[in-house]
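Below, each chain spelled out in residue letters.
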Amino acid sequence: GDSVTQMEGPVTLSEEAFLTINCTYTATGYPSLFWYVQYPGEGLQLLLKATKADDKGSNKGFEATYRKETTSFHLEKGSVQVSDSAVYFCARSGYSTLTFGKGTMLLVSP
Amino acid sequence: EPEVTQTPSHQVTQMGQEVILRCVPISNHLYFYWYRQILGQKVEFLVSFYNNEISEKSEIFDDQFSVERPDGSNFTLKIRSTKLEDSAMYFCAIGPGQGYEQYFGPGTRLTVT
């Protein structure tokens, strides 16, 4: 079935460091790909999306490019802030579902 | 971004009791979903609902679970006889259609004792 694999966390960075969180997905069908963010005690917020190969989703300084050849959708940010500390979930669309990765916790220290 | 509210924010119940979790989509989307997240684990799909029918459900969504949209606005998830392992955060989501993004509510934390 559909699956999404994310790098294990936590990822610990200093403020202004470069962030990469790896995500790969199963290549069945033509999924849309998403990154969601979950701040402590809150629900899931859509961070960005890409609907077809080579699309780049971006929002709030975060970017991810839909790479069909490597079945990847890695999340990047050039300079993280303390306020970016959260759990990040990669997801792919299915028939009428979203399949999520296990989530990667990001901890940013001042 | 479309809004979804959920009530209650936290529900504590005893094993074997029935619970009803409620979701109120503020915006006008056609597809409704329930997901759950056991503490520290991944978000898992339970069921999708379109045009007053279940369109897809997971293995988790067994006969103990049911969904309905009784008055055209609220969307409910009922667990008939709760078990300890039903303790989790339950998220309602809405979306414009299959393959598109989904917008999540803040969740209901269900604790079964």
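Conventions used here
The written sequence of each chain sets the order in which its residues are numbered from 1. Just so you know, chain letters begin at A and ligand numbers begin at 1, following the order they were written in. At least 70 in pLDDT is required for a residue's local features to be given in this predicted model, at least 80 for side-chain atom pairs to be given and counted, and no such filter applies to totals for whole chains, interfaces and linings, which use all residues. Computation of side-chain values: all heavy atoms of the structure, hydrogens and water removed. Segments assigned H or I by DSSP are reported as helices when at least four residues long, segments assigned E as strands when at least two residues long, and all are numbered from the N terminus. Exposure categories follow from relative accessible area, calculated using a 1.4 Å probe and restricted to protein chains: below 20% of the type maximum is buried, above 50% is exposed, and the middle band is partly exposed. Contacts between residues were defined by any pair of non-hydrogen atoms, one from each residue, lying within 4.5 Å. Think of a salt bridge as a Lys or Arg side-chain nitrogen and an Asp or Glu carboxyl oxygen that are within 4 Å of each other. Residue types Ala, Val, Leu, Ile, Met, Phe, Trp, Tyr and Cys, when buried and joined through side-chain atoms within 4.5 Å, form a set referred to as a nonpolar core. Pairing between strands is defined by DSSP: at least two bridges between them are needed. Axis geometry follows a simple rule: fit a line to the C-alpha atoms, using only the stretch in contact for helices, then measure angles between N-to-C directions, giving values from 0 to 180 degrees. Any two of the Phe, Tyr and Trp rings considered here, Trp counted by its six-membered ring, make a pair once their centres fall within 6.5 Å; the pair's planes then place it as stacked at under 30 degrees, edge-to-face at over 60, or tilted in between.

### Quick word on the overall build of chain B
- Of regular secondary structure, chain B possesses zero helices and eleven strands.
- Listing every helix and strand of chain B by position from the N terminus yields β-β-β-β-β-β-β-β-β-β-β.
- Projecting the C-alpha coordinates of chain B onto the three principal axes gives extents of approximately 35 × 25 × 25 Å.
- When the 113 residues of chain B are sorted by exposure, 45% land in the buried category.
- Considering only contacts within chain B whose residues lie at least 6 apart along the sequence, 53% involve residues at least 24 apart.

### Overview of the pattern of salt bridges
- Per the stated rule, a full pass over the model turns up six salt bridges over all chains.
- Its salt-bridge partner being A:Lys49, residue B:Glu101 comes within 3.0 Å of it at the nearest N-O pair. With one member in each of two chains, B:Glu101 in the loop between β9 (88-95) and β10 (103-104) and A:Lys49 in strand β6 (residues 44-50) form a pair that bridges those chains.
- Using a relative accessible area of 36% as the deciding quantity, one classes A:Lys49 as partly exposed.
- A:Lys56 serves as the salt-bridge partner of A:Glu63, at 3.6 Å between the closest nitrogen and oxygen.

### Side note on the nonpolar core
- Ranked by internal contacts, the top residues of the largest apolar core, which has 40 residues, are A:Tyr36, A:Phe100, B:Trp34, B:Tyr35, B:Leu77, B:Tyr90 and B:Phe104.
- With seven residues, β9(B) is the single largest residue contributor to this core.
- With residues up to four places along the chain from it excluded, the contact list for B:Tyr90 reads B:Gln6, B:Leu21, B:Trp34, B:Tyr35, B:Arg36, B:Leu46, B:Phe65, B:Leu77, B:Ile79, B:Gly107, B:Thr108 and B:Leu110.
- Formed by 25 residues, the second largest nonpolar core is a distinct cluster that contains A:Trp35, A:Leu47, A:Phe62 and A:Leu75.

### Some remarks on the sheet that holds strand β1 (residues 4-7) of chain B
Residue and element names in this part refer to chain B.
- Spatial strand order, β1-β3-β8-β7: four strands in an open sheet with antiparallel pairing. Pairing within the sheet leaves two strands with one partner each, and these edge strands are β1 and β7 (65-68). Adjacent strand axes in the sheet meet at a mean angle of 20° when their direction is disregarded.
- Bridge count between strand β3 (residues 19-25) and strand β8 (residues 75-79): five bridges; the pairing is antiparallel. Residue pairing across strands places Val-19 opposite Ile-79, the latter belonging to β8.

### Examining the packing of aromatic side chains
Residues and elements named next belong to chain B.
- A complete count under the given rule lists 17 aromatic pairs over all chains for this structure.
- Here Tyr-33 and Tyr-35 contribute two aromatic rings whose centre-to-centre distance is 6.4 Å and whose plane-to-plane angle is 40°, an arrangement assigned as tilted. A single burial state applies to Tyr-33 and to Tyr-35, both of which are buried.
- Taken together, a centroid distance of 6.4 Å and an interplanar angle of 80° make the contact between Phe-91 and Phe-104 edge-to-face. Taken together, the positions of Phe-91 in strand β9 and Phe-104 in strand β10 put the pair 13 residues apart, joining distant regions of the chain. Taken individually, Phe-91 and Phe-104 each receive the classification buried, so the pair is uniform in this respect.

By themselves, these are just geometric observations and shouldn't be taken as functional.
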